[in-house]
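Now for the letters of each chain:
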There are 2 protein chains.
Amino acid sequence: MNETLIEIGQRAQTAADQVALLDTATKNRALGAMADALRTHQNEIITANQADLAQATDMPKKFTDRLMVNEQRVADMANGLRTVARLADPTARIDRGWINADGLQILQRWVPLGVIGIIFEARPNVTVDATGLTFKSGNAVILRGGKEAIRTNTALANILRAALEKQGLPADAVQLIEDTSHELAQEMMNLTDYIDVLIPRGGRGLIQRVVKTATVPVIETGAGNCHVYIDKDAALQMATDITVKAKVQRPSVCNAAEKLLIHRDVAAKFLPTIAQALLDHGVQLRGDDQARVIVPQMQAASNADWDTEYNDLVMAVKVVDSLDDAIQHINHHSTHHSEVIVTDSIERGRAFQQRINSACVYVNASTRFTDGGVFGFGAEIGISTQKLHARGPMGLDQLTTIKYEITGSGQVRH
Amino acid sequence: MNETLIEIGQRAQTAADQVALLDTATKNRALGAMADALRTHQNEIITANQADLAQATDMPKKFTDRLMVNEQRVADMANGLRTVARLADPTARIDRGWINADGLQILQRWVPLGVIGIIFEARPNVTVDATGLTFKSGNAVILRGGKEAIRTNTALANILRAALEKQGLPADAVQLIEDTSHELAQEMMNLTDYIDVLIPRGGRGLIQRVVKTATVPVIETGAGNCHVYIDKDAALQMATDITVKAKVQRPSVCNAAEKLLIHRDVAAKFLPTIAQALLDHGVQLRGDDQARVIVPQMQAASNADWDTEYNDLVMAVKVVDSLDDAIQHINHHSTHHSEVIVTDSIERGRAFQQRINSACVYVNASTRFTDGGVFGFGAEIGISTQKLHARGPMGLDQLTTIKYEITGSGQVRH
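Residues numbered from 1 in each chain as written. Chains lettered and ligands numbered in written order. Predicted model: local features only at pLDDT ≥ 70, side-chain atom pairs only at ≥ 80, totals over all residues. Heavy atoms only, no water.

### Brief notes about the domain arrangement of chain A
Residues and elements named next belong to chain A.
Okay, so step 1: Assigned domains within chain A: domain 1 (3–221 + 389–407) and domain 2 (226–373).
Okay, so step 2: On a C-alpha basis, the centroid separation for the pair domain 1 and domain 2 is 35 Å.
Okay, so step 3: With 6 residues of domain 1 at the contact, the number on the domain 2 side is 12 residues.
Okay, so step 4: In total, about 580 Å² of surface goes out of reach between domain 1 and domain 2, with carbon and sulfur atoms giving 50% of it.
Okay, so step 5: Contact with domain 2 buries area across many residues of domain 1, yet Arg204, Arg391 and Pro393 alone supply 74% of it, more than any other trio.
Okay, so step 6: Where domain 1 packs against domain 2, one counts 0 salt bridges. (Domains from an automatic or database assignment. Contact = heavy atoms within 4.5 Å. Buried area = accessible area lost by both parts, 1.4 Å probe. Salt bridge = Lys/Arg side-chain N within 4 Å of Asp/Glu carboxyl O.)

Written as structure tokens, this is what we have:
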């Protein structure tokens, strides 16, 4: 095991033990100081970022858009930290407690997870966002970002660490791994003695690599292959609005709709209108045989289409025979993120919500609402598509675990 | 991948989808029918068990004690199912719901995990206990027990399955793997497409093997190296009672105390009395140098002692210089199960509860209270010593995950 990494792990654990004991006001003050420091040092950040961008000239525009940091983006990151400071501290809350039959007072406390590892790609804002959320919930964070953003990330981490130190708080609550090799990322995924949970942030390739190879527990986030199902009892206007907006409003994100299923009873009537609206927004359509009979402009969908997250202006369309068929298709092909039924039937809406095996199941609303901010969590570290520990948008609460604090007066078990 | 195992997994998933939709009354009726069936067929169970016992003549008595099933034990298993039938159904509860700013109704539902795998040793009662808890919480279970109990487990599983079938319910909600080879257990640990979570039940060797090699998410349970720390502000009588009872009342279980730490200010005064009480109960004591100066009858503790779960009438004793030393020692050596401080100081009790990194942290009460029944959960499937998903005693609630059911009236995101 890499010596540097073990030292990083040890320092993170020591810092985590200290941060876990800080009161809420101290943590909020530190978040404010980190936000101020980002603004004060914005030129350093932007200079470092320009050096990163200069190395990334042959990357696609989508990539450099995400990598780029300007004054506005520094302000956004700083504001993000201030937003987190205003959120309720889960570790300060006692939701559950009781006196058991033996007279023991049992309190269920929310406590920090400890050390959280974040593996991410070339999005420098993750350095700041992850720091804010992990710190507020009382954890230490170890960040390993993509090599294309290493100068920006290093500048950001150094500024955040210096701000903590200036407050008399442990800088090692935030550590960035400067070695961006694959080997080191691999070792980080196996650092079970020091990292309590790993959260990968990025594309499907990254997330699958972490899920498949990490021995540290992983929370899988952000893979979306979201479905809109238009039921036979749907109204055309609502069906069109939801489908089009869920597809085109921000096609690159994980809660965008990728697939349209439509009940055969309304396919001939609805599909031409809906398809035209999608085509008007520049969406490329790929249909199954039945859909293509109705809308001949569609290309033929391949089997692989049903499992593909496009993150782009592409949508595959399938005509289904029944609600049952829709549910089966979705449960088989989705990434269990967000799905919607458009229907005016209470019974059919309820059946869809009960039987679809996804984190967020909508009746008559866009999948695009799956978002920590929209849900009212204030901020999110990702959207979990797994069932254990956290599911759906993950806010501060999901970065904690529980501990039972039990107080007696000498009770023993006989 | 083993074909039989894949078929078992597919059948389990189909059954899980059906069981998830059953209402509480139907599940409770089925649990009652399973309990009745065990009583009706008790002779088959006992005959099968005698065949298992006949093969186990060269095993230690402790082993055959656990393997043995008689009329009383069949009655206990049946009563266990009836107890579970009386518990509240977590999937019928809606604890949280709200209307967000967009007017969406967001309900956080508790839903079954899906398919739960249980890998266990030669304790036939696990077949029934695990079935009761997983079924009541709406899951399907795949059981893989030790080869020494295969005839008993097969008899039990067949009776439970037949009882389900008779109620018109899917027998495949309960499946026992009849191939008890290590190879098959290994394949089960990698059956990620069909098993949502694995819960190993048994000794440390089994649990560590599952944790280290499974790719299916695991909940680690039941490893205990529990500490009693006697603070300088403790009363001798309470300190003695808690230490002795936590050690001797049932030394084979995971919540028994294995280590005694004592503050140096009270060691010379307290240790002779406490050690004598332990020796009177036949406890073998192993001390560090300072403890052995005070109680010369102690053997010398080795470094390995501090990390060992004896599950026997053995206790290691250490004199510590301070509360800080006690906390550091415990956080370093414990399995994060249950620890206790005996003290009359509010400040020191609180510091111990806040800084000890274990599932259950006691002030002035025995570690032996860490138990789903004692906590008021009605029953437990194990005691989680990990931080993710579940921590401490795991009842029905911990066999569920959440799902957000969101209902709108055509809302889209602009």
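### Details of the sheet that holds strand β9 (residues 284–287) of chain A
Okay, so step 1: Strand order in this open sheet of 10 strands is β10(A)-β9(A)-β11(A)-β8(A)-β7(A)-β12(A)-β13(A)-β16(B)-β2(B)-β1(B), and the pairing throughout is mixed. Each edge of the open sheet is held by one strand with a lone partner, namely β10 (299–300) of chain A together with β1 (96–99) of chain B.
Okay, so step 2: Summarising the sheet, strand β2 (residues 105–112) of chain B and strand β16 (residues 400–411) of chain B pair through 8 bridges and their orientation is antiparallel. Looking at the pairing, Trp110 of chain B lines up with Ile402 of chain B of β16 of chain B. (Pairing = 2+ DSSP bridges. Helix = DSSP H or I, 4+ residues; strand = E, 2+ residues; numbered from the N terminus.)

### Brief notes about the pattern of salt bridges
Okay, so step 1: Going through the model one piece at a time under the given rule, you end up with 38 salt bridges over all chains.
Okay, so step 2: Residue Lys147 of chain A is joined to Glu148 of chain A by a salt bridge in which the shortest nitrogen-to-oxygen separation is 3.7 Å.
Okay, so step 3: For Lys147 of chain A, a relative accessible area of 53% translates into the label exposed.
Okay, so step 4: Exposure remark for Glu148 of chain A: the relative accessible area of 24% places this residue in the partly exposed category.
Okay, so step 5: Notably, a salt bridge pairs Asp172 of chain B with Arg161 of chain B, separated by 3.0 Å at the nearest N-O pair. Note that Asp172 of chain B is positioned in the loop between α7 (150–166) and β5 (174–176) and Arg161 of chain B in helix α7, a separation of 11 residues in sequence.
Okay, so step 6: One network of salt bridges, in which partners are shared, links Asp231, Lys232, Asp233 and Arg348 of chain A. (Buried < 20%, exposed > 50% of the residue type's maximum accessible area, 1.4 Å probe, protein only.)

### Observations concerning the UniProt feature "domain: Aldehyde dehydrogenase" (unreviewed entry) in chain A
Okay, so step 1: Within the UniProt annotation, "domain: Aldehyde dehydrogenase" (unreviewed entry) is assigned to residues 8–281 of chain A.
Okay, so step 2: Secondary structure content for residues 8–281 of chain A is 52% helix and 16% strand, while the C-alpha to C-alpha distance between its ends is 49 Å. (UniProt positions renumbered as here; feature names shortened; annotations may be inferred.)

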